[in-house]
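# Remarks on the overall topology
Next come the chains, spelled out residue by residue.
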2 protein chains.
Amino acid sequence: MAAPKDPRPCSIADTLALVGEKYSLLVLREVCLGNGRFDQLVRNIGAPRDVLATRLRRLVEADILTKRLYSERPQRFEYRPTPAGLELEPVLLTLMAWGDRHIRQDDDRPMVVEHSCHHELIPVVTCAACGEAVSHEDLTARPQSPGWTVTGRTAA
Amino acid sequence: MAAPKDPRPCSIADTLALVGEKYSLLVLREVCLGNGRFDQLVRNIGAPRDVLATRLRRLVEADILTKRLYSERPQRFEYRPTPAGLELEPVLLTLMAWGDRHIRQDDDRPMVVEHSCHHELIPVVTCAACGEAVSHEDLTARPQSPGWTVTGRTAA
DNA sequence: ACCGGTGAGTAGGAAATCCAAACTCACCAT
DNA sequence: ATGGTGAGTTTGGATTTCCTACTCACCGGT
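Let me sum up the structure you'll find in this document. Bear in mind that the values here come from a model prediction, so they are computed numbers and not experimental data.

The rules behind the values
- Residues numbered from 1 in each chain as written.
- Chains lettered and ligands numbered in written order.
- Predicted model: local features only at pLDDT ≥ 70, side-chain atom pairs only at ≥ 80, totals over all residues.
- Heavy atoms only, no water.
- Helix = DSSP H or I, 4+ residues; strand = E, 2+ residues; numbered from the N terminus.
- Buried < 20%, exposed > 50% of the residue type's maximum accessible area, 1.4 Å probe, protein only.
- Contact = heavy atoms within 4.5 Å.
- Phe/Tyr/Trp six-rings, centres within 6.5 Å; stacked < 30°, edge-to-face > 60°.
- Lys NZ or Arg CZ within 6 Å of the ring centre and 35° of its normal.
- Axes fitted to C-alpha atoms, helices over the stretch in contact; angles between N-to-C directions.
- Parallel < 35°, antiparallel > 145°, perpendicular 65-115°, else oblique.
- Nonpolar A, V, L, I, M, F, W, Y, C, P; charged D, E, K, R; others polar.
- Disulfide = S-S within 2.5 Å.
- Near = heavy atom within 4 Å.
- Polar contact = N/O pair within 3.5 Å; in protein donor to acceptor, adjacent residues only side chain to side chain.
- Buried area = accessible area lost by both parts, 1.4 Å probe.
- Salt bridge = Lys/Arg side-chain N within 4 Å of Asp/Glu carboxyl O.
- Pairing = 2+ DSSP bridges.

Attention now goes to the environment of B:Met96. Tracing the backbone through its elements, the reader meets B:Met96 in helix α6 (residues 89-102). For B:Met96, a relative accessible area of 11% puts it in the buried group. Each residue touching B:Met96, except ones within four places of it in the same chain, is listed here: A:Ser11, A:Ile12, B:Met111 and B:Val113.

Structure below.
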């Protein structure tokens, strides 16, 4: 799992090293929906139990999930998202919206999320500073470390 | 890659089936930065060449990338994002911001993205209808198909 | 006490993937 | 002729994943 060659330093790569393995983001989906028990996860995700156990260990270790005891006598645990885990929910929402748009262009979406404003949630990524929706042409990459060669719109 | 058991229908899972394999999103990162040539990708990502070739084929097939000829006589290709591919850029930005916040709490970010408003881009996911930043407590999941049991805040 | 059921995993070997390095093929430069 | 580059493919071995079955602890009914 270490560097095969010398990939460049990148927070995207580092984040994916934590949550980019198969099923990890689906675990987060379930846990955000409140389905945090092992057998629920197995059923809803369809992952092998051993892989799931491994993912859960890593996600707890990365402080994305916490393991909560919900029954003392037969020790039973439930996984819940930490604040850091909840901050990944926007990633899930954006992925879901993309799939809804590009994979099922018909209206057979398997789930709809409603916002507290009583409209269906259509997530839009905006710039915190100006509030505008972000589009590719408005972005300029500014590498902070050497090794980042960018051929496109790059500031000096 | 088919259903191992009966995972529930989900656009997150379907999208991850396209871009969730190892390196796929890093390929998209490079391509969005303008580094679309094979050897650049190998160097910048650090992936084995055969795996990269497989990923590129799948991403082209999924209409996330296109293969463009940039030199006739020695046939040379370059990969570029399609409109659908560009719509995944917000996912990358959100992952990057998460990593910057939670993995490197210090200020040694490897890259900063600047928005056309001349401020550093801090991506925020908002609701298209009301414009508010999305937070977990404001969301209600509304399953559209059977098989979705949600224990948390679910509308009837 | 016994039987079946549930929840949370572990064990084991087959199947699929991944990895690194070497190789190909087509072209250009010296 | 030799060397170099770009875009991959091949090869063979190391890792992971997958899936079924098993364990262990407990509970509920009879």
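The structure having been displayed, the exposition proceeds.
Applying the stated criterion across every chain yields a total of zero aromatic pairs over all chains. Sitting over the ring of A:Phe77, A:Lys67 keeps its end group 4.5 Å from the ring centre.

The next subject is the side chain of A:Glu114. With respect to the helices and strands, A:Glu114 occurs in strand β3 (residues 111-115). We classify A:Glu114 as buried; its relative accessible area is 18%. In this structure A:Glu114 touches A:His119, A:Glu120, A:Leu121, B:Asp138, B:Leu139, B:Thr140 and B:Arg142, once residues within four positions along its chain are discounted.

Right, let's get into the packing of helix α6 (residues 89-102) of chain A against α6(B). Packed helix pairs are specified by the crossing angle of their axes together with the interaxial distance, meaning the distance between the axes. Direction vectors running N to C along α6(A) and α6(B) enclose 175 degrees, while the axes themselves pass 9 Å from each other. Taken together, the axes of α6(A) and α6(B) lie roughly antiparallel to each other. Mapping the contact onto sequence places A:Pro90, A:Val91, A:Thr94 and A:Leu95 in α6(A) and B:Pro90, B:Val91, B:Thr94 and B:Leu95 in α6(B). Split into classes, the residues belonging to the contact of α6(A) with α6(B) amount to six nonpolar, two polar and no charged.

A disulfide bridge is the covalent bond that connects two cysteines by way of their sulfur atoms. This model, assessed by the stated rule, comprises zero disulfides over all chains. Cysteine A:Cys117 is unpaired, with the sulfur of B:Cys130 as its nearest cysteine sulfur at 3.8 Å.

Turning our eyes to something else, we now look at the protein's contact with DNA strand C. Taken together, 22 residues lie near DNA strand C, and A:Arg49, A:Arg76, A:Phe77, B:Tyr23 and B:Arg55 sit nearest. With respect to DNA strand C, the side chain of A:Tyr70 contributes an N or O atom lying 3.4 Å from a phosphate oxygen. Taken together, the elements giving at least two residues each to the surface near DNA strand C come down to α3 (38-45), α4 (49-61), β1 (65-71) and β2 (76-81) of chain A together with α4 (49-61) of chain B. It is α4(B) that provides the largest number of residues to the surface near DNA strand C, a total of four residues. Per-class residue counts for the surface near DNA strand C are nine nonpolar, no polar and 13 charged.

To continue, consider the side chain of B:Thr94. Among the secondary structure elements, B:Thr94 is positioned in helix α6. Residue classification places B:Thr94 among the buried residues on the basis of a relative accessible area of 10%. Residues contacting B:Thr94, with those up to four places away along its chain left out, are A:Pro90, A:Val91, A:Val125 and B:Pro123.

Opposite the 89 residues of chain B that make contact, chain A presents 89 residues. In total, about 7600 Å² of surface goes out of reach between chain B and chain A, with carbon and sulfur atoms giving 64% of it. Looking at the side of chain B facing chain A, the largest losses of area belong to B:Ile12, B:Leu95 and B:Trp98, adding up to 9% of the total buried there. Taken together, the links from chain B to chain A amount to six salt bridges. Ionic pairing is found between A:Glu87 and B:Arg101, a salt bridge with its closest N-O pair at 2.8 Å. Taken together, the links from chain B to chain A amount to 32 residue pairs in polar contact (both at pLDDT 80 or more). Looking at the side of chain B that touches chain A, the elements with two or more residues in it are α1 (11-19), α2 (24-33), α3 (38-45), α5 (83-86), α6, β3 (111-115), β4 (123-127) and β5 (139-143) of chain B. In terms of residue count, α6(B) provides more of the side of chain B that touches chain A than any other element does, 13 residues in total. Bridge analysis of strand β5 (residues 139-143) of chain A against β3(B) gives five bridges, and the strand direction is antiparallel. Residue pairing across strands places A:Arg142 opposite B:Val112, the latter belonging to β3(B).

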